[in-house]
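Examination of the molecular architecture
What follows is the residue order along each chain.
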Amino acid sequence: MYGKIIRSLAGFYDVYAGGALYRCRARGVFRALGVKPLVGDDVEITVTDTVSDPMEGSVDKLLPRKNKLLRPNACNLDQAMLVFAVTAPAPSINMLDRFLISVKETELPIILTFTKTDLASGEDLDRLRSIYRESGVTLAFATSDDPGSYGEIWEMLKGKTTVFAGPSGVGKSTMINHFCPEAHMETGEISRKIERGKNTTRHVELFWAGEDTYIMDTPGFTSLYLEEITPDTLRDYYPEFEPFEEKCRFHGCMHESEPGCAVRAAAENGAFSPVRYDTYREILRELKERRPAYPKNRQ
Ligand code: ZN
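Residues numbered from 1 in each chain as written. Predicted model: local features only at pLDDT ≥ 70, side-chain atom pairs only at ≥ 80, totals over all residues. Heavy atoms only, no water.

**Observations concerning the overall build of the protein**
- Looking only at helices and strands, the protein features 9 helices and 13 strands.
- Considering the protein as a whole, with its 299 residues, one finds that 45% of them fall into the buried category.
- Put simply, of all contacts in the protein between residues at least 6 apart along the chain, 65% involve residues at least 24 apart.
- Accessible surface, the protein as shown: approximately 15,800 Å² in total, 50% of it carbon and sulfur. (Helix = DSSP H or I, 4+ residues; strand = E, 2+ residues; numbered from the N terminus. Buried < 20%, exposed > 50% of the residue type's maximum accessible area, 1.4 Å probe, protein only. Contact = heavy atoms within 4.5 Å. Areas by Shrake-Rupley, 256 points an atom, 1.4 Å probe, with all protein chains shown as cover.)

**Some details on the nonpolar core**
- Counting residues in hydrophobic clusters, the biggest one holds 44 residues, and the most contacted among them are V15, I45, V59, L82, F114, Y132 and M216.
- Sorting elements by how many residues they give to this core places helix α2 (residues 93-104) first, with 5 residues.
- Dropping the residues within four chain positions of it, L82 is found in contact with L96, F99, L100, V103, I111, L112, T113, A165 and G166.
- Counting residues in each nonpolar core, the second largest holds 22 residues, with I101, F244, A267 and Y277 among its members. (Core = buried A, V, L, I, M, F, W, Y, C linked by side-chain atoms within 4.5 Å.)

**Digging into the packing of helix α4 (residues 147-157) against helix α5 (residues 172-179)**
- Here α4 crosses α5 at 70°, and the two axes come no closer than 12 Å. Comparing the axis directions of α4 and α5 gives the class roughly perpendicular. Only T174, M175, H178 and F179 of α5 make contact with α4, whose side of the interface consists of Y150, I153, W154 and L157.
- Grouping the amino acids of the contact of α4 with α5 by side-chain chemistry returns 6 nonpolar, 2 polar and no charged. (Axes fitted to C-alpha atoms, helices over the stretch in contact; angles between N-to-C directions. Parallel < 35°, antiparallel > 145°, perpendicular 65-115°, else oblique. Nonpolar A, V, L, I, M, F, W, Y, C, P; charged D, E, K, R; others polar.)

**Side note on the coordination of the zinc ion**
- Within the protein, the zinc ion binds to C248 (SG), C253 (SG), H255 (ND1) and C261 (SG); these donor distances fall in the range 2.1 to 2.4 Å.
- Seen from the zinc ion, its 4 donor atoms lie at angles of 102 to 114°, and the figure they make is tetrahedral. (Donors = N, O, S within 2.8 Å, 3.2 Å for Na, K, Ca; no water. Tetrahedral: all angles 85-135°; square planar, octahedral: opposite > 155°, others 65-115°.)

**Focus on the packing of α2 against helix α3 (residues 122-132)**
- Direction vectors running N to C along α2 and α3 enclose 45°, while the axes themselves pass 13 Å from each other. Viewed along their axes, α2 and α3 adopt a mutual orientation that is oblique. The two elements α2 and α3 meet at a crossing, and its hand is right-handed. Note on element contacts: α3 touches α2 through R127, L128, I131 and Y132, opposite I93, L96, D97 and L100.
- Its residues assigned to classes, the contact of α2 with α3 shows 6 nonpolar, no polar and 2 charged. (Left-handed = near helix turned anticlockwise from the far one by under 90°.)

**Digging into the sheet that holds strand β5 (residues 55-62)**
- Strand order in the closed barrel made by the 5 strands is β1-β2-β3-β5-β4, with mixed pairing throughout. On average, each strand axis in the sheet is inclined to that of its neighbour by 50°, with strand direction left out of account. (Pairing = 2+ DSSP bridges.)

**Details of the pattern of salt bridges**
- All told, the structure shown has 16 salt bridges when counted by the stated rule.
- Among the ionic pairs, K4 bridges to D42, the shortest N-O distance being 3.1 Å. Taken together, the residues K4 in strand β1 (residues 2-9) and D42 in strand β4 (residues 42-49) connect sequence positions 38 residues apart.
- Look at the salt bridges and you will find they share partners, linking R7, D14, R23 and E205 into a network. (Salt bridge = Lys/Arg side-chain N within 4 Å of Asp/Glu carboxyl O.)

**Considerations on the layout of surface pockets**
- Considered as a void within the structure, the second largest pocket measures approximately 290 Å³ in volume.
- What lines the second largest pocket is a set of 18 residues, and nearest its centre among them are G3, K4, D42, D212 and Y214.
- Put simply, the parts of the chain that give the lining of the second largest pocket at least two residues each are β1 and β2 (12-17).
- Of all the elements, β1 adds the most residues to the lining of the second largest pocket, at 3 residues.
- The residue makeup of the lining of the second largest pocket, split by class, is 5 nonpolar, 6 polar and 7 charged. (1 Å grid on protein atoms, 1.4 Å probe; cavity = no way out; pocket = protein on both sides within 12 Å on 5 of 7 lines; lining within 4 Å. Points joined across faces, edges and corners; volume = space filled by probe spheres on them.)

Distances and angles like these do not, on their own, reveal function.
Here it is in structure tokens:
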């Protein structure tokens, strides 16, 4: 029987297979091969007990992985969904871009979903559309007041495994509960308290949302400190710069205040959003001021 590992706990793997949940042990063969099954793994299992609750089985075989991430520690993810509210709270574009950079590190395709559109004006939506139109992300808009808007989101999720990220208070948990009623995500004030208390444990879990469709929530996924990013790799996270980079006067241009910078000129001419260029410069300045990390291997 084929299924997917949705959770791993204390040596057991919870596998969703054929519409039911099986608590499985991994066969010794994995340890011998030095392979550790991961959340997201597609597996072949043998059912050993259908009377117990949950039912039991053993993981016999891991199918080939499409990809594997370290943060979150999972595999076979198809895409990431970054959730922000249009308003209440209005997004700080600087903070949003940090999330975006952090999620982009996974190299997964990104859907940027703005919630609470019922509270926003058409101008608010147009502004966000224009900021992100060249950023390489797919944009979506939703409100819990309009089931139709969730229908459009569902079309993007269907048949895929999607990791959700975003700050608290933007309606991310409400959305996950809508698609995965079994997730029982706490929403609002309570969740903020819980997330604070939970910061040290990084719990990785998939929720079943429909046939071949899974959602993962990651409260501790994004690191807004961007510790993996250096000043000279930051520009790689801004796809809208790419068509212009070859035209900069200096090879290796940081697109900051160098003369003849074609990227800066393109931002000024509106070839892409100057707001994105501003956040680039803000984050770049901060990365340059950051003290270099102490070399780990030095005694
Ligand atoms: Zn430049």
